[in-house]
Amino acid sequence: MEDSGQVLLTVKVLSGSLDSDETVLFSTQHGSAENTDYDSLTKLVLMLNASTIRHNVAVTITNDNDIEGSEQFFATLQFPKIPPPDRIFLGPHSASIEILGNCHL
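Everything in this summary refers to the structure shown in the same document. Please read all numbers here as calculations on a predicted model, not as lab measurements.

Broken down by element type, the chain carries zero helices and seven strands. Counted from the first residue to the last, the chain has its helices and strands arranged as β-β-β-β-β-β-β. Counting all 105 residues of the chain, 30% fall into the buried class. When the accessible surface of the chain is summed, it comes to about 6,600 Å², and 53% of that surface belongs to carbon and sulfur atoms.

With that settled, the discussion passes to the environment of Val 24. Examined against the element boundaries, Val 24 turns out to sit in strand 2 (residues 22-30). Each C-alpha atom, one on Val 24 and one on Lys 81, is 8.9 Å from the other, the two residues being 57 residues apart in sequence.

Conventions we followed
Residues numbered from 1 in each chain as written. Predicted model: local features only at pLDDT ≥ 70, side-chain atom pairs only at ≥ 80, totals over all residues. Heavy atoms only, no water. Helix = DSSP H or I, 4+ residues; strand = E, 2+ residues; numbered from the N terminus. Buried < 20%, exposed > 50% of the residue type's maximum accessible area, 1.4 Å probe, protein only. Areas by Shrake-Rupley, 256 points an atom, 1.4 Å probe, with all protein chains shown as cover.

See below:
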């Protein structure tokens, strides 16, 4: 059983400046961890601009009764101004988040 809690992910403009509002979509994707292990997020809208260059996103980790090893899920950012199929993902393509399993407790 892993413990319940949250992981806090930071989305931040690393360099340059923004002259206008820019929308970024934050999503989680399953790896070995699934919906029973964390609360997934789909296309959470984050607005970045000259005064807001950073957002913190909390993902809730859920406690289950399964005895299991470590599992992971991924976080991605999309820049939706460009329609599919040419839509770009902001780099790196995804971040990996590891949920430590029972053997680490």
